[in-house]
Amino acid sequence: ERSAIVLGDETIAALSDKKIAVFGLGGVGAAAAMDLVRIGVGTLYVIDFDDIMPSNLNRLIFGFADTVGMQKVDVLREFGRKINPHLEVVSMAKFMTGESISDHIPDDADFYIDAIDSLNPKINLIAALIEKKKPFISSMGTGGRMDPTALKIMNIWDTAGCPLAYMVRKRLRKRGVFAPFDVIFSDEPPADTKENL
C-alpha cells in the first residue's frame, strides 16, 4: 500500500509479474535483492556461491549471528518469503567461470543486476550480458567509502575515481568489448587508497 501511494496501483501490479536476476549477494547485491522484494517484484533469480561469514555481519542485510555458515541464496529466500510469501526465488549457489557463465544467465529475466565482487567472474558476466543483449546495471566499488552523495550512475566508459571501474574498463578493452552500459559507482577515494583512476 505504501509503495502504491508513490508508484501507483498499475506499477505495483506490473512489478509482481517482473523477473529480476541478481548476481552476487554481498553488501550491494543483498540490499538490492531485498529492496526488490519489498517493492513487490514477483520473481528473483539469485546467484551466489558463498556462505554468510562473520565478516559479513557489518554490511549484509540478512547477516545475523544465527545465519552465519548458511548459504546466502538460502537465507535470501527465507527472508524474502517472510516479507512476501508469494515471492518466487530461483537460486543458484554457483561460482561462475568463463566456460559456464551462459548457463547461469536466465533468459526470461526482465532485468539483470551485476553485484559480483570478484573481478574475473564480473568481467565474464558483463561480457556475456552484452553479447546476449540483456538490459543490466553493474555495481562498481563502494567499499571503504563514507559519502553517499558521491554515488553516481553513468556509462562505464565515463567513470573516473573508482579503482574497480578502472580495472573493468581495462579488462573489457583487452577482450575487445567496448559497448556502453550503466554502472553505479563512487568517485570518493576509498579509505585504503588515494589514487584517482
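Our structure is the block above this text.
Keep in mind that what you see is a predicted model, and the values were worked out from it rather than measured. (Residues numbered from 1 in each chain as written. Predicted model: local features only at pLDDT ≥ 70, side-chain atom pairs only at ≥ 80, totals over all residues. Heavy atoms only, no water.)

(A) Structural context of the nonpolar core. Grouped together as the largest cluster of nonpolar side chains are 28 residues, with contacts concentrated most on Phe 23, Ile 105, Tyr 112 and Met 140. Elements with a minimum of two residues in this core: strand S1 (19–23), strand S2 (43–47), helix H5 (119–131), helix H6 (163–174) and strand S7 (182–186). When residues in this core are grouped by element, the largest group, six residues, is from H5. Each residue touching Phe 23, except ones within four places of it in the same chain, is listed here: Ile 47, Met 96, His 104, Ile 105, Pro 106, Tyr 112, Ile 113, Asp 114, Ala 115, Ile 116 and Leu 125. Grouped together as the second largest cluster of nonpolar side chains are 22 residues, Val 22, Leu 25, Val 41 and Val 73 included. (Core = buried A, V, L, I, M, F, W, Y, C linked by side-chain atoms within 4.5 Å. Buried < 20%, exposed > 50% of the residue type's maximum accessible area, 1.4 Å probe, protein only. Helix = DSSP H or I, 4+ residues; strand = E, 2+ residues; numbered from the N terminus. Contact = heavy atoms within 4.5 Å.)

(B) Highlighting unusual backbone geometry. Its identity as a non-glycine residue notwithstanding, Lys 133 has a phi of 60°, on the positive side. According to the relative accessible area criterion, Lys 133 is exposed, its value standing at 73%.

(C) Looking closely at the sheet that holds strand S4 (residues 111–114). Pairing in this open sheet of seven strands is mixed, and the strands run S3-S2-S1-S4-S5-S7-S6 from one edge to the other. For this open sheet the edge positions go to strand S3 (88–92) and strand S6 (151–155), each flanked by a neighbour on one side alone. Each neighbouring strand pair of the sheet contributes to a mean axis angle of 20°, computed without reference to strand direction. Bridge analysis of strand S5 (residues 136–139) against S7 gives three bridges, and the strand direction is parallel. Directly across from Ser 139, in S7, lies its bridge partner Ile 184. Against the sheet, H5 touches S1, S4 and S5, its axis set at about 165° to S5. (Pairing = 2+ DSSP bridges. Axes fitted to C-alpha atoms, helices over the stretch in contact; angles between N-to-C directions.)

(D) Examining the side chain of Asn 84 more closely. You can see Asn 84 is positioned in the loop between helix H4 (72–83) and S3. The exposure class assigned to Asn 84 is buried, which follows from its relative accessible area of 17%. Among the polar contacts made by the side chain of Asn 84, one reaches the main-chain amide nitrogen of His 86 at a distance of 2.9 Å. With residues up to four places along the chain from it excluded, the contact list for Asn 84 reads Val 37 and Val 41. (Polar contact = N/O pair within 3.5 Å; in protein donor to acceptor, adjacent residues only side chain to side chain.)

(E) Structural view of the packing of helix H3 (residues 27–39) against H4. For the pair H3 and H4, the least separation of the axes is 9 Å and the interaxial angle reads 25°. It follows from the interaxial angle that H3 and H4 lie roughly parallel. Between H3 and H4 lies a crossing of right-handed hand. Every residue of H4 that contacts H3 at Ala 33, Met 34, Val 37 and Arg 38 is listed here: Leu 76, Phe 79, Gly 80 and Ile 83. Partitioning the contact of H3 with H4 into residue classes produces six nonpolar, one polar and one charged. (Parallel < 35°, antiparallel > 145°, perpendicular 65-115°, else oblique. Left-handed = near helix turned anticlockwise from the far one by under 90°. Nonpolar A, V, L, I, M, F, W, Y, C, P; charged D, E, K, R; others polar.)

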